[in-house]
Amino acid sequence: MQSDGGAVGDGLLKETGGGRQRFELELEFVQCFANPTYIHYLAQNRYVEDEAFVGYLKYLQYWQRPEYAKFIVYPHTLFFLELLQSVQFRSAMAHPANKEVAHRQQFYFWKHHRNNRLKHILPQPLPEEPAPPPPAPVAQVL
């Protein structure tokens, strides 16, 4: 778990009793959603059809708030947590082909993420000024 020592983060981790343990358990659990295979497992075993589990998924949306999101190591966690709020996504992830599509898209995102990001954050080179035309040949008088 990472912590950058913010006041809110420190308050979250210094709670007495089971507060810290609950925080760590929920952080670990919510980060499992970055794995499409795990979501597929939950869907195949019909956890995502249980109303109590769906309610827990709604409860876990607090991780999207900045004071909690800074502890998330895997950014796709929040993306998939948002998708899990949809009944259509939950039922679609029960099919192995959809799991593979999600996994493949995640792979391609990471494969090209750095280059795509660099295109937007690196300064663009200044256009080069055209080279001056070569001098005209001097006519020789004989």
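By convention here, each chain's residues receive numbers from 1 onward along its written sequence. Residues qualify for local features only when their pLDDT is at least 70, as the model is predicted, and side-chain atom pairs are given and counted only at 80 or more; totals for whole chains, interfaces and linings, by contrast, use all residues. Hydrogens and waters are ignored; side-chain quantities use all the structure's heavy atoms.

- Looking at an unreviewed UniProt entry, one finds the protein named Mediator of RNA polymerase II transcription subunit 31, with Riccia sorocarpa as its source organism.
- UniProt positions are given in the numbering used here, feature names are shortened, and annotations may be inferred rather than shown by experiment. Its UniProt record, at the heading Subunit (unreviewed entry), says of the protein: "Component of the Mediator complex."
- Listed under Subcellular location (unreviewed entry) in UniProt, the entry text for the protein is "Nucleus".

1. Some details on unusual backbone geometry
So, point 1. For Arg46, which is not a glycine, the phi torsion comes out positive at approximately 60 degrees.
So, point 2. Elements are defined by DSSP. Helices are runs of H or I of four residues or more, strands are runs of E of two residues or more, and each kind is numbered from the N terminus. Along the chain, Arg46 falls in the loop between helix H3 (36-44) and helix H4 (51-59).
So, point 3. Note on exposure labels: buried denotes an accessible area under 20% of the residue type's maximum, exposed denotes more than 50%, and partly exposed covers the range between, all computed with a 1.4 Å probe on protein chains only. In this structure Arg46 comes out as exposed when scored by relative accessible area, which is 56%.

2. As for the packing of aromatic side chains
So, point 1. Stacked, edge-to-face and tilted are the three classes for Phe, Tyr and Trp ring pairs, Trp counted by its six-membered ring, which pair at centre distances within 6.5 Å; planes under 30 degrees apart are stacked, over 60 edge-to-face, the rest tilted. Summed over the entire model, instances satisfying the criterion amount to 17 aromatic pairs.
So, point 2. Seen in terms of ring centroids, Tyr41 and Tyr47 are 6.2 Å apart; in terms of plane orientation they differ by 35 degrees. Their pairing is tilted.
So, point 3. Given a relative accessible area of 40%, Tyr47 falls into the partly exposed group.

3. Some points on the side chain of Lys99
So, point 1. Within the secondary structure, Lys99 is located in helix H8 (residues 96-121).
So, point 2. With a relative accessible area of 15%, Lys99 lands in the buried category.
So, point 3. Contacts are assigned to residue pairs that have any heavy atoms within 4.5 Å of one another. Setting aside residues no more than four positions away along its own chain, Lys99 makes contact with Pro36, Thr37, His40 and Met93.

4. Observations concerning the nonpolar core
So, point 1. In plain words, nonpolar cores are sets of buried Ala, Val, Leu, Ile, Met, Phe, Trp, Tyr and Cys residues tied together by side-chain atoms within 4.5 Å. With 22 residues, the main nonpolar core has Val30, Phe33, Ile39, Leu60 and Trp63 as its most contacted residues.
So, point 2. Counting residues per element, the ones that place at least two in this core are helix H2 (19-31), H3, H4 and helix H6 (76-83).
So, point 3. Apart from residues lying up to four places away in sequence, Phe33 is in contact with Tyr38, Ile39, Leu42, Leu57, Leu60, Thr77, Phe80, Leu81 and Leu84.

5. Thoughts on the packing of H2 against H4
So, point 1. Two elements in contact, H2 and H4, have axes whose closest approach is 12 Å; the angle formed by their N-to-C orientations is 105 degrees. Classified by the angle between their axes, H2 and H4 sit roughly perpendicular to one another. Contact with H2, carried on its side by Arg22, Glu26 and Phe29, involves Phe53, Tyr56 and Tyr59 of H4 and no other residues of that element.
So, point 2. Its residues placed into classes, the contact of H2 with H4 shows four nonpolar, no polar and two charged. Structural elements are reduced to axes, namely lines fitted to C-alpha atoms, with helices fitted over the stretch in contact, and the angle between N-to-C directions of any two is expressed from 0 to 180 degrees. Here the word oblique covers every angle except those under 35 degrees (roughly parallel), over 145 (roughly antiparallel) and from 65 to 115 (roughly perpendicular). Only Asp, Glu, Lys and Arg are considered charged in this grouping, and only Ala, Val, Leu, Ile, Met, Phe, Trp, Tyr, Cys and Pro are considered nonpolar; every other residue, Gly among them, is considered polar.

6. Here we look at the environment of Ser91
So, point 1. Along the chain, Ser91 falls in helix H7 (residues 87-92).
So, point 2. Here the alpha-carbon distance between Ser91 and Arg46, two residues 45 residues apart in the chain, equals 8.9 Å.

7. Some words on H4
So, point 1. For H4, the set of buried residues is Phe53, Val54 and Leu57. Viewed along the axis of H4, the buried residues span an arc of 100 degrees, placing them on a single side of the element. Among the exposed residues of H4, those oriented more than 90 degrees off its buried face are Glu51 and Ala52.
So, point 2. Elements in contact with the buried residues of H4: H2, H3, H6 and H7. Arc, as used here, means the arc of the directions from the helix axis to the C-beta atoms.

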